[in-house]
Amino acid sequence: MKPYVFGIDVGGTTIKAGFFTTEGELLDKWEIPTRTQMNGKYILDDVADTIVMKMSERGISKNSVEGIGIGVPGPVDNQGIVKGCVNLGWGEVNVTASLETKLGLKVRVGNDANVAALGEAWKGAAEGTKNCLMVTLGTGVGGGIIIDGKIIAGVHGAGGEIGHICVNDDEIASCNCGKQGCLEQYASATGIVRLAKMQMKSFCGESVLMSNDAKQQSITAKDVFDAAKDGDKLALNIVNEVSEILGKTLANISCVCDPEAIVIGGGVSKAGEILRNRVESSFINHAFHACKTTKIVLASLGNDAGMYGSAGLLLQ
């Protein structure tokens, strides 16, 4: 195997790039803007250009590079064809063929949440496991499933779309996907704020979330968790509801894939143990008896998970 590999994580705002040894050591990382103008037609050119520039800067040739792994925010089939990325302006794009033609290097492509899960399994919080599940709690809820060290993407590239599991048949509000009652409507950062506003309507008592200062500003998920850490009753009610829903959902998923570890990532995971502990308690309460010892851990790679996972994807 050649000594180096690139891991690329394409986001709607920035492209994160990592230069790795094939043993998984991160040697360098940098970012470039994501140019989404004209339906994202410049994105793959920019990726190719930044890799060529880094190779020149490092004084290495293609003969020293095993290839490039790349994560994108949309479904990807096993030929490396992206079936639409709204955040990038893409329709159907053959990422593998395009980049291989531009660079003359081997390319592998995966969904961003899936490769983040692979990154945590390879060099992060689930390192040493071959079977793990990751749920990412951000503006939405994403996920990735790793079985025998490989991503389970499915025939349509939709494997691991945890955020769109229905957790409430009685929900009348619509998720961004068009369905009602999705996990994303409760456990994402926006979902947590939505729950907070709903609970405020019926809450009797004092809460920092209902103070005049709070009313004048937009409450965030971080505000809810910070208040809960200080013992605020309303905030604790919200955190408990979110954790119960998420823990039960993860317990149900564990019956299907039986992971060694479940990794909680995304911006909401920065709440830390107040979230992890409660999710773990709910998980244990609802899990099938054979799955109750599954570890629930917080992601450790942060925004670098996608780069690591993309590199790992190429090395599979």
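Predicted model, so just to flag it, every value in this text is computed and none were measured. (Residues numbered from 1 in each chain as written. Predicted model: local features only at pLDDT ≥ 70, side-chain atom pairs only at ≥ 80, totals over all residues. Heavy atoms only, no water.)

**Q** I tried to follow the pattern of salt bridges on my own but got confused; where do I start?
**A** Where charged atoms from two side chains of opposite charge approach closely, those side chains can pair. Within this structure, the stated rule accounts for 13 salt bridges. Here Lys-54 makes a salt bridge to Glu-57, at a shortest N to O gap of 3.0 Å. A residue pair is termed a helical-turn pair when its members lie 3 or 4 positions apart in one helix, as Lys-54 and Glu-57 do in helix H2 (residues 43-58) at three residues. Three or more residues are tied together by salt bridges with common partners; here these are Asp-28, Lys-54, Glu-57 and Arg-58. (Salt bridge = Lys/Arg side-chain N within 4 Å of Asp/Glu carboxyl O. Helix = DSSP H or I, 4+ residues; strand = E, 2+ residues; numbered from the N terminus.)

**Q** Even after reading the chapter, I still don't get the layout of surface pockets, so can you show me in this structure?
**A** Looking at the largest pocket, its volume works out to about 1500 Å³. Forming the walls of the largest pocket are 42 residues, and the residues nearest its centre are Pro-73, Asp-112, Ala-113, Thr-136 and Gly-142. Looking at the lining of the largest pocket, the elements with two or more residues in it are strand S1 (4-10), strand S2 (14-21), strand S5 (81-85), helix H4 (112-123), strand S8 (132-137), strand S9 (141-147) and helix H11 (305-315). The element contributing the most residues to the lining of the largest pocket is H4, with four residues. Reported here for the second largest pocket is a volume of approximately 360 Å³. In this structure, the second largest pocket is lined by 20 residues; those nearest its centre are Asp-77, Asn-78, Arg-108, Val-109 and Ala-153. Mapped by element, the contributors of at least two residues to the lining of the second largest pocket are strand S7 (107-111) and strand S10 (150-151). When residues in the lining of the second largest pocket are grouped by element, the largest group, five residues, is from S7. Looking at side-chain class alone, the lining of the second largest pocket contains seven nonpolar, ten polar and three charged residues. (1 Å grid on protein atoms, 1.4 Å probe; cavity = no way out; pocket = protein on both sides within 12 Å on 5 of 7 lines; lining within 4 Å. Points joined across faces, edges and corners; volume = space filled by probe spheres on them. Nonpolar A, V, L, I, M, F, W, Y, C, P; charged D, E, K, R; others polar.)

**Q** Which parts of the structure should I look at to understand the state of the cysteines?
**A** Each disulfide is one covalent bond, formed between the sulfur atoms of two cysteines. Throughout the structure, instances matching the rule amount to zero disulfides. In this structure Cys-132 is not part of a disulfide, and its nearest cysteine sulfur, from Cys-257, lies 9.0 Å away. With relative accessibility at 1%, the residue Cys-132 sits in the buried group. (Disulfide = S-S within 2.5 Å. Buried < 20%, exposed > 50% of the residue type's maximum accessible area, 1.4 Å probe, protein only.)

**Q** Looking at this structure, I do not really get the sheet that holds S2. What am I missing?
**A** Remark on secondary structure: sheet strands pair via backbone hydrogen bonds, oriented parallel or antiparallel. Ordered in space as S3-S2-S1-S4-S7, the five strands form an open sheet in which the pairing is mixed. Among the strands making up the open sheet, the edge pair consists of strand S3 (26-33) and S7. The mean inter-strand angle of the sheet, taken between neighbouring strand axes irrespective of direction, is 15°. Both S2 and S3 contribute to a ladder of seven bridges, which runs antiparallel. Within S3, the position partnered with Ala-17 by the bridge is Trp-30. Here H11 sits on the sheet and contacts S1, S2, S3, strand S4 (65-72) and S7; the angle it forms with S1, its principal contact strand, is near 130°. (Pairing = 2+ DSSP bridges. Axes fitted to C-alpha atoms, helices over the stretch in contact; angles between N-to-C directions. Contact = heavy atoms within 4.5 Å.)

**Q** Please explain the packing of aromatic side chains as it appears in this structure.
**A** Aromatic rings considered in pairs are described by the distance between their centres and by the relative angle of their planes. The final tally for this structure, using the stated rule, is four aromatic pairs. When the ring of Phe-20 is compared with that of Tyr-308, the centres are 4.9 Å apart and the planes differ by 70°; the resulting orientation is edge-to-face. Residue Phe-20 is located in strand S2, and its partner Tyr-308 is located in helix H11; the two are separated by 288 residues in the primary sequence. In this pair, the class of Phe-20 matches that of Tyr-308, namely buried. Seen in terms of ring centroids, Trp-122 and Tyr-308 are 6.5 Å apart; in terms of plane orientation they differ by 70°. Their pairing is edge-to-face. (Phe/Tyr/Trp six-rings, centres within 6.5 Å; stacked < 30°, edge-to-face > 60°.)

**Q** Just to check I follow, could you spell out the packing of H2 against helix H3 (residues 95-103) for this structure?
**A** A pair of packed helices is characterised by two quantities: the angle between their axes and the separation of those axes. Where H2 contacts H3, the axes come no closer than 10 Å and their chain directions differ by 40°. Classed by the angle they form, the pair H2 and H3 counts as oblique. Of the two elements, H2 crosses H3, and the hand of that crossing is right-handed. Of the residues in H3, those touching H2 at Leu-44, Asp-45, Val-47, Ala-48, Ile-51 and Val-52 are Val-95, Ser-98, Leu-99, Lys-102 and Leu-103. Tallied by class, the residues present in the contact of H2 with H3 amount to eight nonpolar, one polar and two charged. (Parallel < 35°, antiparallel > 145°, perpendicular 65-115°, else oblique. Left-handed = near helix turned anticlockwise from the far one by under 90°.)

**Q** I tried to follow helix H8 (residues 221-229) on my own but got confused; where do I start?
**A** Given 3.6 residues per helical turn, the α-helix brings residues three or four places apart onto the same face. Residues of H8 that are buried: Ala-221, Val-224, Phe-225, Ala-227 and Ala-228. Viewed end-on, H8 has its buried residues packed into an arc of 160°, placing them on one side of the element. Each element contacted by the buried residues of H8 is listed here: helix H6 (189-200), helix H9 (233-257) and helix H10 (273-286). Gly-231, located one to two residues past H8, shows a positive phi value of around 90°. (Arc of directions from axis to C-beta.)

So far we have only geometry, and geometry alone does not tell us how the molecule works.
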